[in-house]
Amino acid sequence: MPLKFIKAAGLVYFLGILVVHGMAACKEFPEARRKALLPLKEPGLEYADLRPFLSKDKRVGYATDRDLSPENNNTYYLLSAQYMLAPVVLEIEDGSQDTVLLDYTHPDGAFEAIWRLGLTPIHDNRYGKLLARRP
């Protein structure tokens, strides 16, 4: 009799573990499925809300504190901004454009560039991208 009792207890224990793990998997499955179905982030999405402010501009300056040399491969930001804001052409800031897109890694650098270049800010977004014009 004790052997049958041990076998029955072991079976109940095994089934209990199986049920607990099954319930945990059922809770995690919808979250895993939701993550799998998330849309891919479009390149340049952080620049999309700047487009309405550039409706009259054909060329816009692009100022950044990132090193845009080919060795550092930081051109992703410039290229993704160009992709999202096309047909507006982004040019590395040289002082000839009336409108400038400021893409700095820290807000202090962007505000210092606004002061240094003599610009007036017209729009910023939650990604830290600033749009400014010359007065």
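Analysis parameters
- Residues numbered from 1 in each chain as written.
- Predicted model: local features only at pLDDT ≥ 70, side-chain atom pairs only at ≥ 80, totals over all residues.
- Heavy atoms only, no water.
- Salt bridge = Lys/Arg side-chain N within 4 Å of Asp/Glu carboxyl O.
- Pairing = 2+ DSSP bridges.
- Helix = DSSP H or I, 4+ residues; strand = E, 2+ residues; numbered from the N terminus.
- Axes fitted to C-alpha atoms, helices over the stretch in contact; angles between N-to-C directions.
- Contact = heavy atoms within 4.5 Å.
- Buried < 20%, exposed > 50% of the residue type's maximum accessible area, 1.4 Å probe, protein only.
- Arc of directions from axis to C-beta.

J.: Could you give an account of the pattern of salt bridges, naming the residues involved and the relevant values?
T.: Taken as a whole, this structure holds six salt bridges when the rule is applied. One network of salt bridges, in which partners are shared, links R66, D103 and K129.

J.: Explain the sheet that holds strand β5 (residues 129-133) to me, using residue names and the numbers behind them.
T.: What links the strands of a sheet is backbone hydrogen bonding, and the strands pair in either a parallel or an antiparallel sense. Reading across from one edge, β2-β1-β3-β5-β4 is the order of the five strands in this open sheet, with mixed pairing throughout. The sheet is open, and its two borders are formed by β2 (89-92) and β4 (120-124), each paired with just one other strand. Shown here is a sheet whose adjacent strand axes are inclined to one another by a mean of 35°, direction ignored. Here β4 pairs with β5 via four bridges, running antiparallel. Bridge assignment links T120 to a residue of β5, and that residue is R133. The strands touched by helix α2 (residues 75-85) are β1 (59-64), β2 and β3 (99-103); relative to β2, the strand with the most contacts, the crossing angle is about 155°. Of the strands in this sheet, β3, β4 and β5 are in contact with helix α3 (residues 107-117), which crosses β3 at around 155°.

J.: I'd like to hear about α3, residue by residue, with values.
T.: Listing the buried residues of α3 in full gives A110, A113 and I114. Down the axis of α3, the buried side of the element spans an arc of 105°, and every buried residue falls inside it. For α3, the exposed residues set more than 90 degrees away from the buried face come down to D108 and W115. Contacts made by the buried residues of α3 are with β3, β4 and β5. Looking one or two residues beyond α3, the residue adopting positive phi is G118, at roughly 70°.

Taken by themselves, the reported measurements are silent on function.
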